[in-house]
Amino acid sequence: MTNISRRAALRLAASAAALPFAATLARADGHATNHTVVIRNFAFEPANITIKAGDTITWVNEDGAQHSAWDLNNQFDTGLLSKGQSAALTFASAGTFSYRCRPHGNMRGTITITN
Ligand SMILES: [Cu+2]
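Residues numbered from 1 in each chain as written. Predicted model: local features only at pLDDT ≥ 70, side-chain atom pairs only at ≥ 80, totals over all residues. Heavy atoms only, no water.

### A closer look at the nonpolar core
Here is the rule we go by: Nine residue types can take part in a nonpolar core, namely buried Ala, Val, Leu, Ile, Met, Phe, Trp, Tyr and Cys, and a core is a set of them joined through side-chain atoms within 4.5 Å. Exposed residues in this analysis have more than 50% of their type's maximum accessible area, buried residues have under 20%, and partly exposed residues fall in between, with area computed by a 1.4 Å probe over protein chains only. The helix count covers DSSP runs of H or I at least four residues long, the strand count covers runs of E at least two residues long, and both are numbered beginning at the N terminus. We call two residues in contact whenever any of their non-hydrogen atoms come within 4.5 Å of each other.
Membership of the largest hydrophobic core comes to 20 residues, with the highest contact counts inside it found for Phe44, Ile57, Trp59, Phe76, Phe91, Tyr99 and Ile111. Broken down by secondary-structure element, the contributors of at least two residues to this core are strand S2 (34-40), strand S4 (48-52), strand S5 (56-61), strand S7 (86-91), strand S8 (95-100) and strand S9 (108-114). The dominant element in this core, judged by the number of residues it contributes, is S7, at 3 residues. Residue contacts for isoleucine 57: discarding those within four places in its chain leaves His35, Val37, Ile49, Ile51, Ala87, Ala88, Leu89, Phe91 and Ile111.

### Observations concerning the packing of aromatic side chains
Where we set the bar: Centres within 6.5 Å are what make two rings of Phe, Tyr or Trp a pair, Trp counting through its six-membered ring; a difference in plane orientation under 30 degrees is then read as stacked, over 60 as edge-to-face, and the rest as tilted. As a reminder, the over-ring test applies to NZ of lysine and CZ of arginine, requiring each to be within 6 Å of the ring centre and within 35 degrees of the ring normal.
Applying the stated criterion across every chain, the model contains 7 aromatic pairs. On the basis of an interplanar angle of 70° and a centroid distance of 4.8 Å, the ring pair of phenylalanine 44 and tyrosine 99 is categorised as edge-to-face. Linking phenylalanine 44 in strand S3 (residues 43-45) with tyrosine 99 in strand S8, this pair joins segments that are 55 residues apart in sequence. Assigned by exposure class, phenylalanine 44 and tyrosine 99 land together as buried. Note on phenylalanine 91 and phenylalanine 97: the rings are 5.4 Å apart at their centroids and 55° apart in plane angle, and the pair reads as tilted. The same class applies to phenylalanine 91 as to phenylalanine 97, namely buried. The structure contains a cluster of three or more aromatic residues connected by ring pairs, namely Phe44, Trp59, Phe76, Phe91, Phe97 and Tyr99. The positively charged end of arginine 102 is found above the aromatic ring belonging to tryptophan 70, 3.8 Å away from the centroid.

### So, the sheet that holds S9
Hydrogen bonds along the backbone pair up the strands of a sheet, which may run parallel or antiparallel. Short version of the rule: Any two strands with at least two DSSP-identified bridges between them are counted as paired.
One open sheet holds the 4 strands; their spatial order is S4-S9-S8-S6, and the pairing between them is mixed. Of all the strands in the sheet, just S4 and strand S6 (70-71) have a single pairing partner and so form its edges. In terms of strand pairing, S8 meets S9 through 6 bridges, oriented antiparallel. By the bridge assignment for S9, serine 98 is matched with threonine 110.

What is shown is where atoms sit, not what they do.
Right, dumping it as structure tokens:
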């Protein structure tokens, strides 16, 4: 199972705290990259993203409507983000995730994490 750690500065909804996160440290080599997925016009941009283990993805909602990024296997949930809000997750190990927006099931995305 892929471990996900939440960064200290996250803005995450309270519901996320109850999820079975296994907190792990980000990569020690200092080469972790921060990626941004913009939520705009009821879509994730990019919808499909490939990152390295230890990297962070920040979702930023630019829509007036509230959106979220919710893993289909319930491994993470950013909670609802209002316009201008963001949430970041660090993916510590290789794996794949498919996620959707909780209120808008047609909004879909995938994350592929490689070593
Ligand atoms: Cu949405």
